[in-house]
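One-letter residues, chain by chain:
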Amino acid sequence: MITFFLFSALLLIFATGAVLRKDTLESSILFLCTAFCASALFILSKAEFLAASAIVSYTALTIIIFLFTFLSMDTKERRRKRSLLPFGIITAIAFLTETVLLFVSFIPKEGCSLCKLSLTLSARDYPMLNKDNAWELSYLLFGNLWFLVIITGIILFLIMLCVMSVSTAKTADTEEK
Amino acid sequence: MTIDFAYYLILSSLLLFIGIFGMAFRRSNLIRVLLSLQIIILAIILCFAGLGGFMEDRMGEAYGLITLLLAIGEAFLFLGISYAYFRKSGHIELEPKENPKV
């Protein structure tokens, strides 16, 4: 219960910061923190697969927002942002350490080397895959909710076509050139 | 220990309020509008996940996953429109700056 209230408070603080900060890059970082706190709450409500999907999706979205915002800046603003480089390096090291720790936690207890891991890789050795969360979810999605999955797929396909046509459409300036 | 659904509902309402506040009053540029929109959708997904956890059923998680997929698709569509807007106008600001820096 304490964990729930802790992550709820963090979620609200980060979301408020993401909305109120003036700098777009800081807002997107705070939004990523919001997504991480929301993922922690998903895990507390026993929705581990949703939490993993949310982290992966929102991290990709934040990276693309970063690139887009950075490209839309002028040169002076870009130079000003270089002062944030040490914080970026510290964050990158923290995330890298977290990833390594996560990877190490997957190593089976019998063989603790990476070579043995690649040889003995199977669903039985992974503690995460022993849980029935993903299996139950897949049965549900492709069983009871198959029509919803198909409609979602069609909508995503249409969105992909729209994004391609919008981003490659010629503007009036381009046609004049 | 199962967390009561009322807590999730209150939290989702607060998150929804923050997102709507951002959409209504903090529309300085397109990316900020996108982030506010994503916060609103995150509130909906949180509500689904909380309901699924409370009912001890995977249905809430499944609906949350589908909502997440649609949210990400919508975000990329929004980014595509933002890119088209940027190519046309050269900036992503929706409101003109009061004191533009030269």
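This section reports on the structure supplied with the text. What you see is a predicted model, and the numbers here were worked out from it, not measured in a lab.

**Looking at the overall build of chain B**
Here is step 1 of the chain: Within chain B, the secondary structure is distributed over three helices and zero strands.
Here is step 2 of the chain: Of the regular secondary structure in chain B, the N- to C-terminal order runs α-α-α.
Here is step 3 of the chain: Against the compact-globule benchmark of 13 Å for 102 residues, chain B has a radius of gyration of 17 Å, which places it well outside the compact range.
Here is step 4 of the chain: Expressed as lengths along the three principal axes of its C-alpha atoms, the size of chain B is roughly 60 × 25 × 15 Å.
Here is step 5 of the chain: Classification of the 102 residues of chain B by burial places 47% in the buried group.
Here is step 6 of the chain: Accessible area of chain B: about 5200 Å², with a carbon and sulfur share of 69%.
Here is step 7 of the chain: The centroid of the 8 positive side-chain charges in chain B is displaced by 17 Å from the centroid of its 8 negative side-chain charges.

**Let's talk about the packing of aromatic side chains**
Here is step 1 of the chain: For the structure on display, the rule yields 10 aromatic pairs over all chains.
Here is step 2 of the chain: Through pairs of rings, three or more aromatic residues link up here, namely Phe4 and Phe5 of chain A together with Tyr7 and Tyr8 of chain B.

**Quick notes on the pattern of salt bridges**
Here is step 1 of the chain: Counting across every chain of the model gives two salt bridges over all chains.
Here is step 2 of the chain: Between glutamate 26 of chain A and arginine 21 of chain A there is a salt bridge, with its nearest N and O atoms 2.4 Å apart.
Here is step 3 of the chain: Residue classification places glutamate 26 of chain A among the partly exposed positions, given a relative accessible area of 27%.
Here is step 4 of the chain: Among the salt bridges present, the one from arginine 58 of chain B reaches glutamate 61 of chain B, with a minimum N-O distance of 3.2 Å. Each member of the pair arginine 58 of chain B and glutamate 61 of chain B is classed as buried.

**Digging into the nonpolar core**
Here is step 1 of the chain: Counting residues in hydrophobic clusters, the biggest one holds 53 residues, and the most contacted among them are Leu11, Phe42, Leu50, Tyr58 and Leu61 of chain A together with Leu15 of chain B.
Here is step 2 of the chain: Counting residues per element, the ones that place at least two in this core are helix H1 (2–20), helix H2 (24–44), helix H3 (48–71) and helix H7 (133–141) of chain A together with helix H1 (5–25), helix H2 (30–55) and helix H3 (59–89) of chain B.
Here is step 3 of the chain: Ignoring sequence-local partners within four residues, the contact set of phenylalanine 42 of chain A consists of Ala47, Leu50, Ala51 and Ala54 of chain A together with Ile45, Leu46 and Ala49 of chain B.

**Quick look at the interface of chain A and chain B**
Here is step 1 of the chain: Opposite the 63 residues of chain A that make contact, chain B presents 56 residues.
Here is step 2 of the chain: Roughly 5300 Å² is buried in total at the junction of chain A and chain B, and carbon and sulfur atoms are behind 77% of that figure.
Here is step 3 of the chain: Counting the surface chain A buries against chain B, the share from its top three residues, Val19, Leu50 and Phe68 of chain A, is 13%.
Here is step 4 of the chain: For the pair chain A and chain B, the interface holds zero salt bridges.
Here is step 5 of the chain: Taken together, the links from chain A to chain B amount to 13 residue pairs in polar contact (both at pLDDT 80 or more).
Here is step 6 of the chain: Counting residues per element, the ones that place at least two in the side of chain A that touches chain B are H1, H2, H3, helix H4 (75–81), H7 and helix H8 (146–168) of chain A.
Here is step 7 of the chain: Ranked by residue count, the leading element in the side of chain A that touches chain B is H3 of chain A, at 13 residues.
Here is step 8 of the chain: Per-class residue counts for the side of chain A that touches chain B are 37 nonpolar, 16 polar and 10 charged.

Rules and cut-offs
- Once a new chain begins, its residue numbering starts again from 1 and follows that chain's sequence as written.
- Starting at A for chains and at 1 for ligands, labels are handed out in the order in which the entities are written.
- It should be noted that, the model being predicted, local features are given only for residues of pLDDT at least 70 and side-chain atom pairs only at 80 or more, the latter also being counted only at that level, while totals for whole chains, interfaces and linings use all residues.
- Calculated side-chain values reflect all of the structure's heavy atoms, with hydrogen atoms and water omitted.
- Under the scheme used here, helices are H or I runs from DSSP no shorter than 4 residues and strands are E runs no shorter than 2 residues, and both carry numbers assigned from the N terminus.
- The quantity called the radius of gyration is restricted to C-alpha atoms. Its globule counterpart is 2.2 Å times the number of residues to the power 0.38.
- Under the scheme applied here, a residue whose accessible area is under 20% of the maximum for its type counts as buried, over 50% as exposed, and between as partly exposed, the area being computed with a 1.4 Å probe on protein chains only.
- For every accessible area listed, the method is Shrake-Rupley and the probe measures 1.4 Å; residues are considered covered only by the protein chains on display.
- In this tally Asp and Glu are treated as negative and Lys and Arg as positive; neither His nor the chain ends contributes.
- Lysine's charge is taken at NZ, arginine's at CZ, aspartate's at CG and glutamate's at CD.
- Stacked, tilted and edge-to-face pairs are distinguished by plane angle, under 30 degrees for stacked and over 60 for edge-to-face with tilted covering the rest, among Phe, Tyr and Trp rings (Trp via its six-membered ring) whose centres lie within 6.5 Å.
- Each salt bridge in this description consists of a side-chain nitrogen of Lys or Arg and a carboxyl oxygen of Asp or Glu lying within 4 Å of one another.
- Throughout this description, the term nonpolar core refers to a set of buried Ala, Val, Leu, Ile, Met, Phe, Trp, Tyr and Cys residues connected via side-chain atoms within 4.5 Å.
- What makes two residues a contact is simply this: any of their non-hydrogen atoms within 4.5 Å.
- Two parts placed together each lose some accessible area under a 1.4 Å probe, and the buried area is that loss summed for both.
- Polar contacts, as counted here, are pairs of nitrogen or oxygen atoms within 3.5 Å of one another; within protein the pair requires one atom able to donate a hydrogen and one able to accept it, and residues that are adjacent in sequence qualify only if both atoms are side-chain atoms.
- Lys, Arg, Asp and Glu make up the charged group, whereas Ala, Val, Leu, Ile, Met, Phe, Trp, Tyr, Cys and Pro make up the nonpolar group; the residues left over, Gly among them, are polar.

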